2 protein chains.
Amino acid sequence: MLDKVNHIAIAVPDMDEAKRQWGQKLGVKISAPLPQPEHGVTVIFIEMGDTKIELLEPLGEASPISRFLEQNPDGGMHHICFEVKDILAARDYLIEQGARILGDGTPKIGAHGKPVLFIHPKDVSGTLIELEQV
Amino acid sequence: MLDKVNHIAIAVPDMDEAKRQWGQKLGVKISAPLPQPEHGVTVIFIEMGDTKIELLEPLGEASPISRFLEQNPDGGMHHICFEVKDILAARDYLIEQGARILGDGTPKIGAHGKPVLFIHPKDVSGTLIELEQV
């Protein structure tokens, strides 16, 4: 059902500092920062093999990563995104297995323009997991 | 310098529960648990595309993930491992860029039998990063 890791999302408090840390200190190739006001974040993409690292900086007043950064002021790993072929079938399977889907269970259109949903971290080793239909 | 994501390590407080969560609730194929007493963990491997998820449960009295689990009792993402071709060249580049290597800077033999080192999380968005020479 889960095919591969689409990306690992890392929340960062300051994108300029993150650019120095990843682009200069680690020496990886980073994209230009992309503001996504509809998702409350600015994103830098880092291609790593067949997966990606996404650096997320809060954008606007109600960013979904603000609370995480209050608790983790240096930043940190926020979620892992797995690809699925059929997000409604995946959701129904997960609910049948007793997993809790965040929100009302309806997939939303995510930052890549594709349907996504999130599984409750308490159901998966304290790890926030996003599913994206590709 | 950093080629691809070798694995994403997730610390779990209870491997039996993690097996249910990942193997049953998420429906992914999990390996048998592999005790690695010399590294203070028991590991389950989950192949995902060209990367892996590794579930780590503490083993023994002085497990390197015990403190993380005290702070994150449900478990959580512990580190990301990137592959490098030459770990000494990578270390020297990182030090030159002002990044701090944990320990005395000498690569140790990691859980896959290959040389590894860790970069200080304060230098990389609060994220613990392992480098493994492959």
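What counts as what
Residues numbered from 1 in each chain as written. Chains lettered and ligands numbered in written order. Predicted model: local features only at pLDDT ≥ 70, side-chain atom pairs only at ≥ 80, totals over all residues. Heavy atoms only, no water. Helix = DSSP H or I, 4+ residues; strand = E, 2+ residues; numbered from the N terminus. Rg over C-alpha atoms; globule rule 2.2 N^0.38 Å. Buried < 20%, exposed > 50% of the residue type's maximum accessible area, 1.4 Å probe, protein only. Contact = heavy atoms within 4.5 Å. Areas by Shrake-Rupley, 256 points an atom, 1.4 Å probe, with all protein chains shown as cover. Lys, Arg positive; Asp, Glu negative; His and termini not counted. Charge placed at Lys NZ, Arg CZ, Asp CG, Glu CD. Pairing = 2+ DSSP bridges. Arc of directions from axis to C-beta. Polar contact = N/O pair within 3.5 Å; in protein donor to acceptor, adjacent residues only side chain to side chain. Buried area = accessible area lost by both parts, 1.4 Å probe. Salt bridge = Lys/Arg side-chain N within 4 Å of Asp/Glu carboxyl O. Nonpolar A, V, L, I, M, F, W, Y, C, P; charged D, E, K, R; others polar. Phe/Tyr/Trp six-rings, centres within 6.5 Å; stacked < 30°, edge-to-face > 60°.

**A few points about the overall build of chain A**
Point 1. Helices and strands together make up the secondary structure of chain A, namely three helices and eight strands.
Point 2. When its helices and strands are written in sequence order, chain A yields β-α-β-β-β-α-β-α-β-β-β.
Point 3. A compact globule built from 134 residues should have a C-alpha radius of gyration of about 14 Å, and chain A, at 15 Å, falls within 12% of that.
Point 4. The principal-axis extents of the C-alpha atoms in chain A amount to approximately 45 × 30 × 25 Å.
Point 5. The buried share of chain A, taken over its 134 residues, is 49%.
Point 6. Contacts in chain A between residues far apart in sequence, at least 24 positions, make up 52% of those at least 6 positions apart.
Point 7. Accessible surface for chain A amounts to roughly 6100 Å². Of this, 52% is attributable to carbon and sulfur atoms.
Point 8. Side-chain charges in chain A split into 13 positive and 20 negative, and the spacing between the mean points of these groups amounts to 2 Å.

**Looking at the sheet that holds strand 7 (residues 115-119) of chain B**
Residue and element names in this part refer to chain B.
Point 1. The mixed open sheet is built from eight strands, whose spatial order is 2-3-4-1-5-8-7-6. In this open sheet, the two edge strands, each paired with only one partner strand, are strand 2 (34-36) and strand 6 (108-109).
Point 2. Across eight bridges, the pairing between strand 3 (residues 41-48) and strand 4 (residues 51-58) is antiparallel. Within the sheet, the bridge partner assigned to Thr42 lies in strand 4 and is Glu57.

**Observations concerning helix 3 (residues 87-96) of chain B**
Because each turn of an α-helix spans 3.6 residues, side chains separated by three or four positions in sequence point in the same direction.
Point 1. Taken together, the buried positions of helix 3 of chain B are Ile87(B), Ala90(B), Arg91(B) and Leu94(B). Seen along its axis, helix 3 of chain B keeps its buried residues to an arc of 100°; they face one direction.
Point 2. Where helix 3 of chain B is buried, its residues contact helix 1 (15-25) of chain A together with strand 5 (76-84), strand 7 and strand 8 (129-133) of chain B.
Point 3. Backbone nitrogen of Leu88(B) and a side-chain oxygen of the N-cap are separated by 3.1 Å at the start of helix 3 of chain B; the cap is Asp86(B).
Point 4. Just beyond helix 3 of chain B, the residue with positive phi is Gly98(B), at close to 95°.

**Side note on the interface of chain A and chain B**
Point 1. Counting residues at the interface gives 43 residues for chain A and 43 residues for chain B.
Point 2. For the pair chain A and chain B, the summed buried surface comes to about 3500 Å²; carbon and sulfur atoms form 62% of the total.
Point 3. The interface formed by chain A and chain B contains four salt bridges.
Point 4. The partner of Lys25(A) in a salt bridge is Asp123(B), and the shortest N-O contact between them spans 3.2 Å.
Point 5. Mapped onto the side of chain A that touches chain B, the elements with two or more residues apiece are strand 1 (5-11), helix 1, strand 4 (51-58), strand 5 (76-84) and helix 3 (87-96) of chain A.
Point 6. Taken together, the residues of the side of chain A that touches chain B break down into 22 nonpolar, 14 polar and seven charged.

**Observations concerning the packing of aromatic side chains**
Point 1. Under the counting rule described, the total for this entry stands at two aromatic pairs over all chains.
Point 2. Aromatic pair Trp22(A) and Phe82(B): ring centres 6.4 Å apart, planes at 85°, arrangement edge-to-face. On the criterion of chain membership, the pair formed by Trp22(A) in helix 1 and Phe82(B) in strand 5 is interchain, its members lying in two chains. Here the two residues Trp22(A) and Phe82(B) agree in accessibility, since each one is buried.

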